Amino acid sequence: MKATHARYWVVAFALALAMIMYIQRVAISQAIVPIGEELDLDQAEKGLILGAFGLSYALFEIPMGLLGDKLGVRRVLSFLVLFWSLFTALTGAAWNLVSLWIARFVFGAGEAGCFPNLTRMLSAWLPVGERVKAQAVMWAFGRWGGALAPPVAVFVIYHLGWRWGFVALALLGAAWVAFFL
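About the thresholds
Residues numbered from 1 in each chain as written. Predicted model: local features only at pLDDT ≥ 70, side-chain atom pairs only at ≥ 80, totals over all residues. Heavy atoms only, no water. Helix = DSSP H or I, 4+ residues; strand = E, 2+ residues; numbered from the N terminus. Rg over C-alpha atoms; globule rule 2.2 N^0.38 Å. Buried < 20%, exposed > 50% of the residue type's maximum accessible area, 1.4 Å probe, protein only. Contact = heavy atoms within 4.5 Å. Areas by Shrake-Rupley, 256 points an atom, 1.4 Å probe, with all protein chains shown as cover. Lys, Arg positive; Asp, Glu negative; His and termini not counted. Charge placed at Lys NZ, Arg CZ, Asp CG, Glu CD. Expected span 1.5 Å × (residues − 1). Bend = angle between axes of the 7 residues up to and from the residue. Salt bridge = Lys/Arg side-chain N within 4 Å of Asp/Glu carboxyl O. Axes fitted to C-alpha atoms, helices over the stretch in contact; angles between N-to-C directions. Parallel < 35°, antiparallel > 145°, perpendicular 65-115°, else oblique. Nonpolar A, V, L, I, M, F, W, Y, C, P; charged D, E, K, R; others polar.

Examining the overall build of the chain
Here is step 1: Counting its secondary structure elements, the chain contains six helices and zero strands.
Here is step 2: In the chain, the succession of α and β elements from N to C terminus is α-α-α-α-α-α.
Here is step 3: In summary, the chain has a C-alpha radius of gyration of 17 Å against a globular reference of 16 Å for 181 residues, a match within 12%.
Here is step 4: The principal-axis extents of the C-alpha atoms in the chain amount to approximately 60 × 30 × 25 Å.
Here is step 5: Counting over 181 residues, the chain shows a buried share of 47%.
Here is step 6: Expressed as a percentage of contacts within the chain between residues at least 6 apart in sequence, the contacts between residues at least 24 apart total 83%.
Here is step 7: Summed over all atoms, the accessible surface of the chain reaches about 9100 Å², with 73% contributed by carbon and sulfur.
Here is step 8: Averaging the coordinates of the 13 positive side-chain charges in the chain and doing the same for the 9 negative ones gives two points 18 Å apart.

Right, dumping it as structure tokens:
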């Protein structure tokens with residue numbers, strides 16, 4: 001395979017998505033206090049909400065990766081980013097513990113396919129000698145997204161409230177898909 005300059009765009013999209021993914025993922029931790037107050041959640045219920053993501057992520061990472069193998073990374077990543085972004089927005093529509101838990105669980109199921117499919121995308125578009133470096137940078141950008149998420153989420157929640165804040169954060173994923181396609 002002859003390397004082309006298209007691989008730089010592939011890496012740029014992977015880096016951007018890694019950051020967006022972590023921003024959307026971590027935002028709940030900054031919003032859990034106002035969510036808990038409005039929905040009258042106790043500490044145990046807040047723990048259930050925060051744990052819903054991890055449970056579904058663990059359950060769906062392999063199936064979502066297999067889906068990318070079967071249907072293709074571009075199609076699956078586009079669908080998954082829109083899917084989990086929809087459930088990011090629906091987090092803001094929650095009216096009780098159950099609705100919030102379902103939104104976060106389904107959100108986690110969608111995000112579970114991100115890194116397996118990004119890894120496949122990088123392995124398909126990059127020469128062997130560039131793959132590990134690109135993976136390392138992608139994981140670093142994900143962590144930078146996680147580090148940026150608290151101040152971004154606090155800013156968005158302060159200005160829009162937690163409900164509209166999740167809608168605004170969902171738009172990041174929709175914008176990524178629009179450019180990716």
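Topic: helix α6 (residues 128-180)
Here is step 1: Taking 1.5 Å per residue, 53 residues should reach 78 Å; α6 reaches only 23 Å between its end C-alpha atoms and comes up short.
Here is step 2: Remark: the principal bend of α6, roughly 120°, maps to Gly161.

Considering the pattern of salt bridges
If charged atoms from side chains of opposite charge come close, those side chains can pair.
Here is step 1: A full pass over the atoms with the stated rule returns four salt bridges.
Here is step 2: Notably, a salt bridge pairs Arg7 with Glu130, separated by 2.7 Å at the nearest N-O pair. With a gap of 123 residues between them, Arg7 in helix α1 (residues 6-39) and Glu130 in helix α6 connect regions that are remote in the sequence.
Here is step 3: Judged by relative accessible area, Arg7 falls into the buried class, the value being 10%.
Here is step 4: Of the charged contacts in the structure, one is a salt bridge between Asp69 and Arg120, with a shortest N-O distance of 3.2 Å. A residue pair is termed long-range when its members are at least 10 positions apart, and Asp69 in helix α2 (residues 43-71) and Arg120 in helix α5 (residues 114-125) qualify at 51 residues.
Here is step 5: What makes Asp69 partly exposed here is its relative accessible area of 43%.

Some thoughts on the packing of α2 against helix α3 (residues 73-91)
Here is step 1: Their axes nearest at 7 Å, the elements α2 and α3 cross at an angle of 135°. Judged by the inter-axis angle, α2 sits oblique to α3. Along its contact with α2, which presents Met64, Leu67, Gly68 and Leu71, the element α3 presents Val73, Arg75, Val76 and Leu80.
Here is step 2: Among the residues making up the contact of α2 with α3, the classes are represented as six nonpolar, one polar and one charged.

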